[in-house]
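Next come the chains, spelled out residue by residue.
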Amino acid sequence: MRILSGIQPSGALHIGNYFGMMRPSIELQEQGEAYYFIADYHSMTSLYDAGQRRRNTLDVALDFLACGLDPKRAVFFRQSDVPEHCELTWLLSTVTPMGLLERCHSYKDKTASGLPVNHGLFAYPVLMAADILIYDSNVVPVGRDQKQHVEVTRDIAIKFNEAYGQTFVLPEPRTRDEVAVVPGTDGRKMSKSYGNTVEIFGDEKAVRAKVMSIVMDSRSMEEAKPDAGENNAIKLLRLVASAEIAGDIEAKLAAGGYGYGTLKKALFEQCWNYFTAQRARRKELEASLDYVHDVLRDGAERARTVASKVLKRARVASGLE
Ligand code: ADP
Ligand code: TRP
């Protein structure tokens, strides 16, 4: 089984990224041949600061390695170190119907919210299709918001296969119901673009402030809250605390006499403790940047070996060779 996923270096990673994409990817590295990459080409659709891109790229590498990505098991690389992705994007774009891209939520949401859009953003699912197809990937672990892009990838692969004969493997998205959408501090999906994130490696004060700012209803401490299981803080608590601790707090809220302030303090503590080992590992990695660069260089080399073979298959199938 070949597993592939990517993440954009567009800002500090948050616990939505962690539970939606990073942890599932890290767990899957045990079960097959995994390819994970930092999608720096993708970040160009929305980030125009070169220095920031370099810093973010290194940060994502540190974050992912600190969280448990094992470069001995998974091939870990930077997308732009494998420029074959871009050539395949062109081949795929010529079999991609406009309507398919016009239906993509990522593009529709940005236009609907009045943000300026560029061709790169519109065409981004084709680049993502190339990322996936160029490794003959079977399984793509992502959060729910990315599922549509994997389905688009399948449609594009089918179109290419119909036009030029069997060339690409059809991938499947892998989302987990319990973490498909991690809520942010305002109750919407946690996302960098909404400013409602809790960072994985934020400093203690900032993380505490974010947790304390979670929007709750206005019921007093005394009131019984039989619907406690539905609130955002409990949803986050279930991710970072044991079932016993989360269940106990939920029962106290339901009984009354337990307030949201106490809930949030407990959530902060559980959240902070959850990432203790990862924080220590990240510190070590920060002190060995040469190692991190070596990992990415080695990953790019291994990725390129596969990518160039699959690209050649597509070039031959389509008569470029
Ligand atoms: P953001 O919305 O913060 O910009 P990205 O779109 O870069 O995050 O997402 C990177 C990965 O993390 C994707 O696989 C995405 O599905 C996953 N992800 C992001 N936010 C969440 C969330 N709130 N819940 C679950 N998964 C998420
Ligand atoms: N588009 C994804 C995101 O914004 C990142 C990504 C790029 C990706 N290429 C991919 C994810 C291929 C999975 C597979 O989160």
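Residues numbered from 1 in each chain as written. Chains lettered and ligands numbered in written order. Predicted model: local features only at pLDDT ≥ 70, side-chain atom pairs only at ≥ 80, totals over all residues. Heavy atoms only, no water.

1. Remarks on the overall build of the protein chain
Where we set the bar: Here a helix means four or more residues in a row that DSSP labels H or I, a strand means two or more in a row labelled E, and each is numbered from the N terminus. Remark: exposure states derive from per-residue accessible area (1.4 Å probe, protein chains only) relative to the maximum for the residue type, with buried under 20%, exposed over 50%, and partly exposed in between. In what follows, a contact means two residues having at least one pair of non-hydrogen atoms within 4.5 Å. Areas reported here follow the Shrake-Rupley algorithm with a probe of radius 1.4 Å; residue values treat only the protein chains shown as occluding. Charge convention: Lys and Arg are scored as positive, Asp and Glu as negative, and His as well as the terminal groups of each chain are ignored. The atoms used to mark charge sites are NZ of Lys, CZ of Arg, CG of Asp and CD of Glu.
From N to C terminus, the protein chain includes 14 helices and five strands. Along the three orthogonal principal directions, the C-alpha set of the protein chain runs to about 75 × 45 × 35 Å. In the protein chain, buried positions account for 50% of the 321 residues. For the protein chain, restricting intrachain contacts to residue pairs at least 6 apart in sequence, the fraction spanning at least 24 positions comes to 76%. A total accessible area of about 14,800 Å² is found for the protein chain, and carbon and sulfur atoms account for 52% of it. With 41 positive and 42 negative side-chain charges, the protein chain shows a separation of 1 Å between the mean positions of the two kinds.

2. Details of the side chain of Lys264
The line we're drawing: A pairing counts as a salt bridge when a side-chain nitrogen of Lys or Arg comes within 4 Å of a carboxyl oxygen of Asp or Glu. In protein, a polar contact requires one atom able to donate a hydrogen and another able to accept it; more generally it is a pair of N or O atoms within 3.5 Å, and residues adjacent in sequence count only if both atoms are side-chain atoms.
Mapped onto the elements, Lys264 comes out in helix H12 (residues 260-274). Despite its burial, Lys264 remains without a salt bridge, the nearest opposite charge being carried by Asp217 at 10 Å. A polar contact of 2.9 Å, which involves the side chain of Lys264, links it to the backbone oxygen of Met212. In terms of polar contacts, Lys264 uses its side chain to reach the backbone carbonyl oxygen of Ile214, at 2.8 Å. Setting aside residues no more than four positions away along its own chain, Lys264 makes contact with Val211, Met212, Ser213, Ile214 and Met216.

3. Considering the pattern of salt bridges
Evaluated as defined, the whole model comprises 25 salt bridges. In this structure, Glu30 and Arg73 form a salt bridge, with 3.3 Å as the shortest nitrogen-oxygen distance. Taken as a pair, Glu30 in the loop between helix H1 (15-28) and strand E2 (33-38) and Arg73 in the loop between helix H3 (50-66) and strand E3 (74-78) lie far apart in primary sequence, 43 residues in all. A residue is classified by how much of its surface remains accessible, and Glu30, at 48% relative accessible area, is partly exposed. Connected through shared salt-bridge partners, Asp59, Asp63, Arg282 and Glu286 make up one network.

4. Some thoughts on the packing of helix H7 (residues 119-133) against helix H8 (residues 147-164)
Rule in force here: Lines fitted to the C-alpha atoms define the axes, with helices restricted to the stretch that makes contact. Angles between their N-to-C directions range from 0 to 180 degrees. Convention used here: angles under 35 degrees read as roughly parallel, angles over 145 as roughly antiparallel, angles from 65 to 115 as roughly perpendicular, and any remaining angle as oblique. Under the scheme applied, nonpolar residues are Ala, Val, Leu, Ile, Met, Phe, Trp, Tyr, Cys and Pro; charged residues are Asp, Glu, Lys and Arg; polar residues are all the others, including Gly.
For the pair H7 and H8, the least separation of the axes is 9 Å and the interaxial angle reads 75°. Accordingly, the angle class assigned to the pair H7 and H8 is roughly perpendicular. Each of Tyr124, Pro125, Val126, Met128, Ala129, Ile132 and Leu133 in H7 lies in contact with H8, whose residues at this interface are His149, Val150, Val152, Thr153, Ile156 and Ala157. Per-class residue counts for the contact of H7 with H8 are 11 nonpolar, two polar and no charged.

5. What to know about the site of ligand 1
Note the following rule: By convention in this text, a residue qualifies as near a molecule or strand provided that one of its non-hydrogen atoms is within 4 Å of it.
For ligand 1, the set of nearby residues contains 18 residues, the closest of which are His14, Asp145, Val182, Ser191 and Lys192. Here an oxygen atom of ligand 1 sits 2.7 Å away from a polar atom, N or O, in the side chain of His14. Burial of ligand 1 by the surrounding chains reaches 92%, relative to a free accessible area of 530 Å². Counting residues per element, the shell around ligand 1 draws most heavily on H1, at four residues. Per-class residue counts for the shell around ligand 1 are eight nonpolar, seven polar and three charged.

6. Here we look at the state of the cysteines
For the record, the criterion: When two cysteine sulfur atoms lie within 2.5 Å, the pair is treated as a disulfide.
Under the definition given, this model contains zero disulfides. Free of any disulfide, Cys67 has its nearest cysteine sulfur in Cys271, 12 Å distant.

7. Digging into the site of ligand 2
Surrounding ligand 2, one finds 14 residues, the nearest of these being Gln8, Tyr124, Met128, Asp131 and Gln146. Contacts to ligand 2 include Gln8, whose side-chain N or O atom sits 3.0 Å from an oxygen atom. Tyr124 has a polar side-chain atom sitting 2.7 Å from a nitrogen atom of ligand 2. Considered on its own, ligand 2 offers 360 Å² of accessible surface; in the complex 91% of this is hidden by protein. Secondary-structure elements contributing two or more residues to the shell around ligand 2 are strand E1 (2-7) and H7. In terms of residue count, H7 provides more of the shell around ligand 2 than any other element does, four residues in total. Its residues assigned to classes, the shell around ligand 2 shows eight nonpolar, five polar and one charged.

8. So, the domain arrangement of the protein chain
Cut-off, in case you're wondering: Where each domain starts and ends comes from a domain assignment, either automatic or drawn from a database. Buried area is understood as the total, over both parts, of accessible area removed when two parts are fitted together, assessed with a 1.4 Å probe.
Looking at the assigned domains, one finds that the protein chain contains domain 1 (2-182 + 289-317) and domain 2 (202-274). Taken together, the seven residues of domain 1 in the interface contact four residues of domain 2. Taken together, the two surfaces of domain 1 and domain 2 that pack against each other cover about 450 Å², and 81% of this comes from carbon and sulfur. Of all residues in domain 1, the largest losses of buried area upon contact with domain 2 belong to Ile15, Phe19 and Val182, amounting jointly to 71% of the total for that side. Taken together, the connections running from domain 1 to domain 2 amount to zero salt bridges.

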